[in-house]
Amino acid sequence: MVTLSHMIQWDEAQNGKELAQSNPRPASGYETMIPLVDLRAQYQEIKHEVEAAIHRVLESSRFVLGPEVEAFEQGFATFCRTRHAVAVNSGTSALHLALLAAGVGPGSEVITVPFTFVATVATILYAGAKPVLVDIDPRTLTIDPGKIEAAVTSRTVAILPVHLYGHPADMDPILQIAKKHGLVVIEDCAQAHGAEYHGRRVGSMGAVGCFSFYPSKNLGAYGEGGAVTTDDEDFAHKVRLLRNWGAPQRYTHLLKGYNYRMDAIQGAILRVKLAHLEKWTESRRHHARSYDRLLAHSGVELPIAQSWARHVYHVYGIRSETRDAIRKSLLARDIHCEVHYPVPVHLQPAFADLGYQKGDFPTAESVAETQLSLPIYPELTKSQIEGVAAVIGAAAAEESCRHE
Ligand SMILES: *Cc1c(COP(=O)(O)O)cnc(C)c1O
């Protein structure tokens, strides 16, 4: 029998593995282990700034919200080109509060995608509403705007597009449909800090944007964190209340709220990291162009950045019918890769009660079977990228011979 303590032990073992993965041996050609994300390399670059920031918080002893978090909120609002940013304790909390502030509750429906991290769908359920799923577009891997209107009913309150992998959803048709039917657009920007659609930043196009600062996200805290962005003063006010027990002042509770406040240490660290984010994003984009070039004739399908998109490459995902063989070759060379996501939300056991079946969302299901995320992080070196591409090229060639 699997007991809770077994599960915790398993979890600790997994965490140990993650630690080992973010702790690579020195780079010396592609024989060396390449992690999927290298948080340690980034820490080495900003160590002194981070330590000073943490020290500042310790000396002030303002540990929750306070001036560090407020300064981060201002900086992040400027970065997203919105009037307000409200910091919370995770991306999940950001989504939950955005949904509540948008008036989503029991009896409402929210339209979103099955091909996302589970939090997108779970938070709709937290709000007491029903997730209504529509398939993704095979090029952008984000919500297919052509499929939204058929899913709108008299109970629909919001559309929740996900800017998956750092590529923005096709927002104009989504905003048009929302306007026509009086719906709120809530953007899930957890993977897309700084991404742009026709020059507009994600998180500034819908009524509200939701960000995660989980450590491995493009802007990551050293712990949990999230934010809600909006131009709407009332919306921002409501989210501020909800994150702190619905209390504008101590012991006056205007709303039934939550403890979703951001820690001051995370706020201070995020301020430090925000100042580096544009440079890190440009590195990711540069690495993506290198992969594009090196893998152009490998036979694997490459991610497409639409002409209107500034893709920020949280994930660089290739697609191939021989994905599993390529993955095996990479892992054999100690190059870490991952499938995002192997099982779409509608086929997850926990969400069976939504009533969907295999075959309902063919694009999501086909991407789940063929996708593979390659190492991409700002500190990746040219020789590491060449190494990854060489292994993929060889594996893809070998597999195509085998199938002839
Ligand atoms: C990470 C993520 C979330 C949840 O963010 P947390 O900070 O982990 O709670 C939500 N949606 C998407 C698409 C994500 O990738």
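Heads up: the structure comes first, above all this text.
Described below are features of the structure shown in this document. (Residues numbered from 1 in each chain as written. Predicted model: local features only at pLDDT ≥ 70, side-chain atom pairs only at ≥ 80, totals over all residues. Heavy atoms only, no water.)

The next point concerns the sheet that holds strand β4 (residues 156-159). Read from one edge of the open sheet, 7 strands run β1-β9-β8-β5-β4-β2-β3, paired in mixed fashion. Strands at the two margins of the open sheet, each flanked by one partner only, are β1 (84-88) and β3 (130-133). Each neighbouring strand pair of the sheet contributes to a mean axis angle of 25°, computed without reference to strand direction. Relative to strand β8 (residues 208-212), strand β5 (residues 184-188) runs parallel, the two being bridged by 3 bridges. Counterpart to E187 in the pairing with β8 is G209. Sheet strands in contact with helix α3 (residues 66-80) are β1, β8 and β9 (226-230), and its direction is about 130° off that of β1. (Pairing = 2+ DSSP bridges. Helix = DSSP H or I, 4+ residues; strand = E, 2+ residues; numbered from the N terminus. Axes fitted to C-alpha atoms, helices over the stretch in contact; angles between N-to-C directions. Contact = heavy atoms within 4.5 Å.)

In the vicinity of the ligand there are 15 residues, among which G91, T92, D188, S212 and K217 approach most closely. Here T92 contributes a side-chain N or O atom positioned 2.5 Å from an oxygen atom of the ligand. Within the side chain of S212, a nitrogen or oxygen atom sits 2.6 Å from an oxygen atom of the ligand. Its free accessible area being 380 Å², the ligand has 92% of it covered by the protein chains. Counting only elements with at least two residues in the shell around the ligand, the list comes to α4 (91-101) and α5 (119-126). Broken down by element, the residue count for the shell around the ligand peaks at 3 residues, all from α4. Along the lines of polarity and charge, the residues of the shell around the ligand split into 5 nonpolar, 8 polar and 2 charged. (Near = heavy atom within 4 Å. Polar contact = N/O pair within 3.5 Å; in protein donor to acceptor, adjacent residues only side chain to side chain. Areas by Shrake-Rupley, 256 points an atom, 1.4 Å probe, with all protein chains shown as cover. Nonpolar A, V, L, I, M, F, W, Y, C, P; charged D, E, K, R; others polar.)

On to the packing of aromatic side chains, then. Per the stated rule, a full pass over the model turns up 13 aromatic pairs. Summarising the aromatic geometry, the rings of F76 and F213 are spaced 5.2 Å apart at their centres and angled 85° between planes, so their arrangement reads as edge-to-face. Placement of the pair is F76 in helix α3 and F213 in the loop between β8 and β9, with a sequence separation of 137 residues. Under the relative-accessibility criterion, F76 is labelled buried at 0%. Taking relative accessible area as the criterion, F213 reaches 0% and is therefore assigned buried. With a centroid separation of 4.8 Å and 65° between ring planes, the pair formed by Y197 and W308 is classed as edge-to-face. (Phe/Tyr/Trp six-rings, centres within 6.5 Å; stacked < 30°, edge-to-face > 60°. Buried < 20%, exposed > 50% of the residue type's maximum accessible area, 1.4 Å probe, protein only.)

Okay, the environment of A236 next. Tracing the sequence through the fold places A236 in helix α7 (residues 233-243). Through-space distance from the C-alpha of A236 to that of L175 is 20 Å; in sequence the pair is 61 residues apart.

This next bit is on the sheet that holds strand β7 (residues 200-201). Strand order across the open sheet formed by 3 strands is β7-β6-β10, with antiparallel pairing between neighbours. Strands at the two margins of the open sheet, each flanked by one partner only, are β7 and β10 (309-310). Sheet topology places strand β6 (residues 196-197) next to β7; 2 bridges connect them, and they run antiparallel. Pairing of Y197 across the sheet is with R200, part of β7.

Counted according to the given criterion, the structure contains 2 cavities of 30 Å³ or more. What the largest cavity holds in volume is close to 130 Å³. In terms of lining, the largest cavity is formed by 15 residues, of which the most central are R139, L141, Y165, P303 and I304. Among the elements that make up the lining of the largest cavity, the one with the highest residue count is strand β11 (residues 316-319) (3 residues). When the residues that make up the lining of the largest cavity are grouped by side-chain class, the tally is 7 nonpolar, 5 polar and 3 charged. Grouping the constituent residues of the lining of the second largest cavity by class yields 5 nonpolar, 4 polar and 5 charged. (1 Å grid on protein atoms, 1.4 Å probe; cavity = no way out; pocket = protein on both sides within 12 Å on 5 of 7 lines; lining within 4 Å. Points joined across faces, edges and corners; volume = space filled by probe spheres on them.)

Bear in mind that shape data such as this cannot, by itself, settle questions of function.
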